[in-house]
Amino acid sequence: MEQLLHYVWKHKIFPLKELKTTTGQQVEVIDTGLANTDAGPDFFNAKLKLDGVLWIGNIEIHERSSDWFKHGHHADAGYNSVILHIASEIDTEISRSNGERIPQIQLICPEAVRTNYKELLETDSYPPCYRIIPSLPPFTAHSWMTALQMERFEQKATLLNERLKRCQGNWEDAFFITLARNFGFGLNGDAFETWAHRLPFRAVDKHRNDLFQIEAIFFGQAGILEDSDGDGYYLRLKKEYTYLQHKFGLIPMDASLWRFLRLRPANFPHIRIAQLACLYHRAYGLLSRIMETETLQGVRDILKGGTSEYWLTHYTFGGSSPSRPKTLSNTSLDLLIINTVVTFLYAYGLHKGNRVLCARAGSFLEELKAENNYITRMWEQCGMKASNAADSQALIQLKKEYCDKKKCLYCRIRVRISEKKIEKGAEVQDFSPTSSYNFLNNDITLTSFLQ
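For clarity, every value in this text was computed on a predicted model and none was experimentally measured.

About the thresholds
- Residues numbered from 1 in each chain as written.
- Predicted model: local features only at pLDDT ≥ 70, side-chain atom pairs only at ≥ 80, totals over all residues.
- Heavy atoms only, no water.
- pLDDT = per-residue confidence, 0-100.
- Helix = DSSP H or I, 4+ residues; strand = E, 2+ residues; numbered from the N terminus.
- Contact = heavy atoms within 4.5 Å.
- Phe/Tyr/Trp six-rings, centres within 6.5 Å; stacked < 30°, edge-to-face > 60°.
- Buried < 20%, exposed > 50% of the residue type's maximum accessible area, 1.4 Å probe, protein only.
- Core = buried A, V, L, I, M, F, W, Y, C linked by side-chain atoms within 4.5 Å.
- Patch = residues over 30% accessible without salt bridge, like charges linked within 9 Å, V, L, I, M, F, W, Y side chains within 5 Å.
- Areas by Shrake-Rupley, 256 points an atom, 1.4 Å probe, with all protein chains shown as cover.
- Salt bridge = Lys/Arg side-chain N within 4 Å of Asp/Glu carboxyl O.
- Axes fitted to C-alpha atoms, helices over the stretch in contact; angles between N-to-C directions.
- Parallel < 35°, antiparallel > 145°, perpendicular 65-115°, else oblique.
- Left-handed = near helix turned anticlockwise from the far one by under 90°.
- Nonpolar A, V, L, I, M, F, W, Y, C, P; charged D, E, K, R; others polar.
- Disulfide = S-S within 2.5 Å.

Caption draft 1: Just the confidence of the model for the protein, in detail. On average, the protein scores 87 in pLDDT, and the residues at 70 or more come to 90%. Of all the helices and strands in the protein, strand S8 (residues 443-445) carries the lowest mean pLDDT, 29, while helix H9 (residues 211-221) carries the highest, 97. A low-confidence stretch, residues 420-451 (pLDDT under 50), is modelled with 58 contacts involving residues beyond four sequence positions or located in other chains.

Rendered as structure tokens:
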């Protein structure tokens with residue numbers, strides 16, 4: 001039921017009456033927000049008006065309002081940004097960790113939506129064309145995938161050029177910042193990029209031969225050395241950072257940006273920062289070395305890295321763990337190569353007019369295994385399975401730039417469907433990429449090419 005309430009909220013399938021909170025406040029929904037599939041509230045950055053006052057924040061949805069306490073959200077500061085709680089059954093008032101009450105509305109799922117539950121969720125989870133994808137000719141699918149791969153290359157190169165401008169044209173700095181962002185592996189990507197932009201690279205270069213000093217700057221700039229208590233290694237790092245902070249005028253980032261919920265210990269920011277510190281310490285001219293490496297395994301060997309001795313027995317400061325090397329897994333290495341190395345090979349190749357580097361970017365993608373994420377799994381369920389990383393990148397591009405943006409009219413799959421209709425002598429009618437539902441007749445009518 002909760003998943004269905006998510007659908008009702010996302011698509012604004014509200015009752016034909018004025019929305020009000022349980023305390024009588026008028027609710028005007030301007031933007032339902034961005035659906036969140038990771039830890040945290042269900043929808044980010046929603047925009048509402050409560051009694052005419054604009055609120056921007058997050059939305060949490062439960063079947064019963066008492067689930068708020070059952071799931072421990074009342075004690076989690078990560079949910080203090082919730083501006084509206086939605087439930088189909090209101091059985092209690094709810095509050096933030098500081099005791100402030102949170103407005104609630106009762107949202108009842110329409111009977112027609114409930115009746116067509118399975119079809120609605122499939123249409124919401126898959127692209128509208130999911131039924132006809134298995135019948136696509138191989139040549140059509142292959143040519144479209146090839147074009148999408150190039151689109152993704154160009155799009156990433158454009159984003160890289162913007163980051164390069166922020167780095168005053170320094171390719172090495174831009175490479176490390178991009179690598180750091182991808183060390184966040186999605187959940188902490190924004191935090192890692194914020195952190196990397198605060199690193200004084202020229203100052204760090206002066207201490208590059210001392211891993212301990214690099215760790216002090218890296219952890220200090222991450223805002224992780226703010227406590228007054230800790231074990232011996234922590235206090236030594238804090239003391240060293242205090243000295244370097246004064247020397248270089250450093251300002252740490254807000255440590256609350258780091259996210260830990262649903263992360264395995266090997267993915268904790270502490271471990272990733274320690275790995276980046278070790279990599280920065282031993283791989284001077286990192287980008288240049290990678291540009292000169294012609295094999296995929298050679299790139300893996302450069303990036304695999306490790307940590308200082310302290311992190312062999314720790315995942316965070318303080319508590320110890322069984323001794324084990326904290327190196328990157330092959331899957332993690334391949335993701336870094338796909339999202340960082342391949343992008344730079346292509347962009348730097350364009351910059352230098354070096355076709356060899358551009359070609360190597362493509363060959364690396366074809367050699368790497370396909371990514372395994374919710375997007376590639378969705379396409380596989382629809383009948384399009386990625387055979388390598390080049391295919392998976394194409395499918396990610398298709399989902400994010402066409403399906404999510406409702407640009408079906410620009411998709412070659414839609415063009416192929418129109419051609420098939422013409423071949424059969426059928427009238428080709430234009431369609432909206434979204435679906436409309438006839439709730440009065442308690443049935444679902446897809447006004448797209450699924451007809």
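Having put the structure on the table, let's press on.
Caption draft 2: Main features of the packing of aromatic side chains. The final tally for this structure, using the stated rule, is 25 aromatic pairs. A ring pair is formed by Phe-201 and Tyr-280, whose centres lie 6.2 Å apart and whose planes are at 35°; its orientation type is tilted. Here Phe-201 is found in helix H8 (residues 201-205), whereas its partner Tyr-280 is found in helix H11 (residues 269-282), with 79 residues between them in sequence. Overall, the relative accessible area of 8% leaves Phe-201 in the buried class. Taking relative accessible area as the criterion, Tyr-280 reaches 5% and is therefore assigned buried. Pairing Phe-219 with Phe-317 gives two aromatic rings, centres 5.2 Å apart and planes at 65°, and the pair type is edge-to-face.

Caption draft 3: Focus on the nonpolar core. Counting residues in each nonpolar core, the largest one holds 80 residues, and the members touching the most others are Trp-195, Phe-218 and Phe-317. Here this core gets 10 residues from one element, more than from any other, and that element is helix H14 (residues 330-352). If we skip the residues at most four places from it in the chain, Trp-195 touches Phe-176, Ala-180, Phe-218, Gln-221, Ala-222, Met-253, Trp-258, Ile-273 and Leu-276. Tyr-7, Leu-19, Val-29 and Leu-107 belong to the second-largest nonpolar core, a separate cluster that totals 23 residues.

Caption draft 4: Inspection of the environment of Asp-173 at higher detail. Position of Asp-173 among the secondary structure elements: in helix H6 (residues 171-183). Relative accessible area serves as the criterion here: at 9%, Asp-173 is assigned to the buried category. With 10 residues separating them along the chain, Asp-173 and Arg-163 place their C-alpha atoms 9.6 Å apart. Apart from residues lying up to four places away in sequence, Asp-173 is in contact with Cys-167, Phe-201 and Arg-202.

Caption draft 5: Summary view of the side chain of Ser-321. Counting through the fold element by element, Ser-321 comes out in the loop between helix H13 (296-304) and H14. Judged by its relative accessible area of 13%, Ser-321 is buried.

Caption draft 6: Summary view of a nonpolar patch on the surface. Among the surface-exposed residues, Ile-30, Leu-54 and Ile-56 lie close enough to one another that they form a single nonpolar patch of about 270 Å² accessible area. If you trace the backbone, Leu-54 turns up in strand S4 (residues 53-64). We classify Leu-54 as partly exposed; its relative accessible area is 49%.

Caption draft 7: Main features of the pattern of salt bridges. Counted by the stated rule, this structure contains 13 salt bridges. Glu-93 is the partner of Arg-101 in a salt bridge, and the nearest nitrogen-oxygen pair spans 4.0 Å. With a relative accessible area of 57%, Arg-101 lands in the exposed category. Of the charged contacts, one joins Arg-202 and Asp-205 as a salt bridge, the two residues approaching to 3.2 Å between their closest N and O atoms. In this pair, Arg-202 and Asp-205 are both assigned in helix H8, 3 residues apart and thus about one turn of the helix distant. Relative accessible area serves as the criterion here: at 26%, Asp-205 is assigned to the partly exposed category. The structure contains a network of salt bridges with shared partners spanning Arg-163, Arg-181, Asp-190 and Glu-193.

Caption draft 8: Expanded view of unusual backbone geometry. Its identity as a non-glycine residue notwithstanding, Lys-12 has a phi of 55°, on the positive side. Take Lys-12: it is sitting in the loop between helix H1 (2-10) and strand S1 (27-31). The phi dihedral of Asp-51 is positive, around 55°, even though this residue is not glycine. By the element assignment, Asp-51 lies in the loop between strand S3 (43-50) and S4.

Caption draft 9: Representation of H1. Three or more residues of H1 are buried, namely Leu-4, Leu-5, His-6, Tyr-7, Val-8 and Trp-9. Where H1 terminates, the next one or two residues include Lys-12, which has phi positive at roughly 55°.

Caption draft 10: Highlighting the packing of H6 against helix H7 (residues 189-197). The contact between H6 and H7 brings their axes to 7 Å, and the two run at 150°. In terms of orientation, H6 lies roughly antiparallel with respect to H7. Judged by the twist between their axes, the crossing of H6 over H7 is right-handed. Residues Phe-176, Ile-177, Ala-180, Arg-181 and Phe-183 of H6 form the contact with H7, whose participating residues are Gly-189, Asp-190, Phe-192, Glu-193, Trp-195, Ala-196 and His-197. Per-class residue counts for the contact of H6 with H7 are 7 nonpolar, 2 polar and 3 charged.

Caption draft 11: Seen up close, the state of the cysteines. All told, the structure shown has 0 disulfides when counted by the stated rule. Sulfur of Cys-382: no disulfide; nearest cysteine sulfur belongs to Cys-129 and is 7.3 Å away. Residue Cys-382 is classed as buried on the basis of its relative accessible area, which comes to 3%. Cys-411 carries a free sulfur, and the closest cysteine sulfur to it, the one in Cys-129, is 6.0 Å from it. Look at Cys-411 and you get buried, because its relative accessible area is 8%.

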